[in-house]
Amino acid sequence: MQAVVYAGYGEPPVLTDAPEPECPSDGVVVAVRATGVCRSDWHAWKGHEQVPLPQIPGHELAGVITETGPDVTRWNPGARVTVPFVCGCGRCEYCAVGEAQVCPHQTQPGFTGPGSYAERVALHAADLNLVALPDSVGFTAAASLGCRFATAFRAVTVHGGVGPGEWLAVHGCGGVGLSAVQIGVALGARVVAVDVAEAALDAARRLGAQAVVNSAGSGASETAAAVRELTGGGAHVSLDAFGSAGTCASSVRGLRRRGRHVQVGLLFGEAATPPIPMDVVTAQELAVYGSHGMPARDYPQLLSMLADGRLRPEELIGETIGLAQAPAALAAMDEPAAATGTGMTVVELPG
Ligand SMILES: [Zn+2]
Ligand SMILES: [Zn+2]
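These numbers were taken from a predicted model, which means no experiment stands behind them. (Residues numbered from 1 in each chain as written. Chains lettered and ligands numbered in written order. Predicted model: local features only at pLDDT ≥ 70, side-chain atom pairs only at ≥ 80, totals over all residues. Heavy atoms only, no water.)

1. Let's talk about the coordination of the zinc ion (ligand 2)
Six octahedral donors around a metal ideally make angles of 90 or 180 degrees; four tetrahedral donors ideally make 109.5 degrees. Protein coordination at the zinc ion (ligand 2) comes from Cys38 (SG), His59 (NE2), Glu60 (OE) and Cys147 (SG), with a distance range of 2.0 to 2.3 Å. The coordination sphere of the zinc ion (ligand 2) comprises four donor atoms, whose angles at the metal cover 93 to 125°; the geometry is tetrahedral. Read from N- to C-terminus, the donor residues coordinating the zinc ion (ligand 2) fall into the pattern C-x20-H-E-x86-C. Among the residues examined, His59 registers a relative accessible area of 1% and is labelled buried. (Donors = N, O, S within 2.8 Å, 3.2 Å for Na, K, Ca; no water. Tetrahedral: all angles 85-135°; square planar, octahedral: opposite > 155°, others 65-115°. Buried < 20%, exposed > 50% of the residue type's maximum accessible area, 1.4 Å probe, protein only.)

2. Focus on the domain arrangement of the protein
Segmentation of the protein into domains returns domain 1 (2-143 + 312-348) and domain 2 (151-290). Here domain 1 and domain 2 have C-alpha centroids that lie 28 Å from each other. The interface is formed by twelve residues belonging to domain 1 together with 14 residues belonging to domain 2. Here domain 1 meets domain 2 over a buried area of about 830 Å², counting both sides, of which 57% is carbon and sulfur. For the pair domain 1 and domain 2, the number of links is one salt bridge. Arg154 is paired through a salt bridge with Glu99; the nearest N and O atoms lie 3.8 Å apart. At the surface where domain 1 touches domain 2, the tally comes to one residue pair in polar contact (both at pLDDT 80 or more). Each residue belonging to the side of domain 1 that touches domain 2 can be placed in one class, and the counts come to five nonpolar, four polar and three charged. (Domains from an automatic or database assignment. Contact = heavy atoms within 4.5 Å. Buried area = accessible area lost by both parts, 1.4 Å probe. Salt bridge = Lys/Arg side-chain N within 4 Å of Asp/Glu carboxyl O. Polar contact = N/O pair within 3.5 Å; in protein donor to acceptor, adjacent residues only side chain to side chain. Nonpolar A, V, L, I, M, F, W, Y, C, P; charged D, E, K, R; others polar.)

3. Observations regarding a nonpolar patch on the surface
A cluster of nonpolar side chains, contributed by Ile276, Met278 and Val288, occupies part of the molecular surface with about 230 Å² of accessible area. Relative to the helices and strands, Val288 is located in strand β13 (residues 287-290). (Patch = residues over 30% accessible without salt bridge, like charges linked within 9 Å, V, L, I, M, F, W, Y side chains within 5 Å. Areas by Shrake-Rupley, 256 points an atom, 1.4 Å probe, with all protein chains shown as cover. Helix = DSSP H or I, 4+ residues; strand = E, 2+ residues; numbered from the N terminus.)

4. What about the coordination of the zinc ion (ligand 1)?
Coordination sphere of the zinc ion (ligand 1), protein contribution only: Cys89 (SG), Cys92 (SG), Cys95 (SG) and Cys103 (SG), at 2.3 to 2.4 Å. Considering all four donor atoms around the zinc ion (ligand 1), the spread of angles at the metal, 101 to 116°, places the coordination shape in the tetrahedral class. All donors of the zinc ion (ligand 1) come from a single chain, and their spacing in sequence reads C-x2-C-x2-C-x7-C. One end of the pair, Cys92, is in the loop between β5 (80-82) and α2 (93-96); the other, Cys103, is in the loop between α2 and β6 (120-123), and eleven residues separate them in sequence. Assessed through its relative accessible area of 12%, Cys92 is described here as buried.

5. Things to note about the pairing of strand β3 (residues 28-37)
Here is the key point about a regular strand: its side chains alternate between the two faces of the sheet. Counted residue by residue, β3 has nine buried out of ten residues, so it is predominantly covered. When β3 meets β6, the two strands line up antiparallel, connected through four bridges. Bridge assignment links Val28 to a residue of β6, and that residue is Leu123. Direction of pairing for β3 relative to strand β15 (residues 344-348): antiparallel, over a ladder of four bridges. Across the sheet, Val37 pairs through a bridge with Thr345, a residue of β15. (Pairing = 2+ DSSP bridges.)

6. Observations concerning unusual backbone geometry
Note: most peptide bonds trans; most residues except glycine with negative phi. Backbone torsion omega between Leu53 and Pro54 reads -10°, so that peptide bond is classified as cis. For Arg258, which is not glycine, the phi torsion reads 65° and is therefore positive. Position of Arg258 relative to the elements: it lies in strand β12 (residues 255-263).

7. Re helix α5 (residues 175-186)
The end-to-end C-alpha separation of α5 is 17 Å, in line with the 16 Å expected for twelve residues at 1.5 Å each. Listed in full, the buried residues belonging to α5 are Val176, Gly177, Leu178, Ser179, Ala180, Val181, Gln182, Ile183 and Gly184. Turning to α5, the residues buried within the fold contact α4 (139-159), β8 (167-171), β9 (190-195), α6 (198-206), β11 (235-240) and β15. Phi turns positive, to about 90°, at Gly188, one or two residues after α5. (Expected span 1.5 Å × (residues − 1).)

8. Looking at the layout of surface pockets
Here the second largest pocket is characterised by a volume of approximately 340 Å³. Surrounding the second largest pocket, 23 residues form its lining, Pro21, Ile56, Gly113, Pro114 and Gly115 being those nearest its centre. For the lining of the second largest pocket, the leading source of residues is β6, giving four residues. Here the residues of the lining of the second largest pocket are counted per class, giving 13 nonpolar, seven polar and three charged. (1 Å grid on protein atoms, 1.4 Å probe; cavity = no way out; pocket = protein on both sides within 12 Å on 5 of 7 lines; lining within 4 Å. Points joined across faces, edges and corners; volume = space filled by probe spheres on them.)

9. What about the packing of aromatic side chains?
Counted according to the given criterion, the structure contains zero aromatic pairs. A cation over a ring is seen here: Arg39 above Trp42, with NZ or CZ 5.0 Å from the ring centre. The side chain of Lys46 reaches across the aromatic face of Trp45, ending 4.3 Å from its centre. (Phe/Tyr/Trp six-rings, centres within 6.5 Å; stacked < 30°, edge-to-face > 60°. Lys NZ or Arg CZ within 6 Å of the ring centre and 35° of its normal.)

10. Some thoughts on the sheet that holds strand β10 (residues 211-214)
Strand order in the open sheet made by the six strands is β10-β9-β8-β11-β12-β13, with parallel pairing throughout. Each of the sheet's edge strands pairs with one partner strand only, and the pair in question is β10 and β13. Averaged over neighbouring strand pairs, the angle between their axes works out to 15° when direction is ignored. Strands β8, β9 and β11 of the sheet are contacted by α5, whose axis makes an angle of about 170° with β8. (Axes fitted to C-alpha atoms, helices over the stretch in contact; angles between N-to-C directions.)

Shown next as structure tokens:
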């Protein structure tokens, strides 16, 4: 089959012939119809995360099942499916209660095994992990849920529990942040978007944000004060959708009493352990959550909001490309992520 492969960290990815995936006994092989291009793939390619080499990137996929393993009971060839980027093992205590996003034995296409920049990809523990696509949800829209939109959905709904009329602050308006803006607006929340780039704030406004804060040149306390002022005392729910010591502190300090902070942006290297104002957390009874992806169990609510048009992830897609253009799209991420609101790139494959 055709696949995009890199032989070593930082070596140019190329479209080439690759071995057909082997179907796991509890898994399936999926013919990929769409797959998102994500900065996580870039991080693995650059060696910021250890992956088996050579590697096929890609973890945000939708497609059609072509083969099922002998232990699979819920799925048959021909089914249209997507899958969370974190796949649970299906055997541990966390998977047993549907919390596959924290499975200690999790698999991730493109990281623990070959990914979806390919004509076909193998997925493990299919009965637990696969999600059926409603007819009204296309492959490209499903792939664009990827890790960013789905992660934002879980952060806003499961952790944040945002209700109509409540204030949702979103710190960082890249892919995850803009997804959170659209989701918050769809749930009836009033959204205040925070970013250092005007283009990102314009995109947030177009998605329905009621207020914006340009935090360029401001300290965390100053940004938080602006959010508290705009929201009449602070946000009910606040996301650090960027992942830095500054945005984390702004998010916590911008909350209303009894507010909920959700850490969505990943924190790497020296930023991995930011100082959190725990004095404010106790005095104001704030809640602090971490959010890591979204398990298959949580998809039906998200897909029903796609099916009836309340959520429109396709509005966040910048361009669609073919598999042959995927290597260049990955390499283009060498440039820092300018929050220009140009949107996600999705690779489409012929059926
Ligand atoms: Zn598990
Ligand atoms: Zn991703």
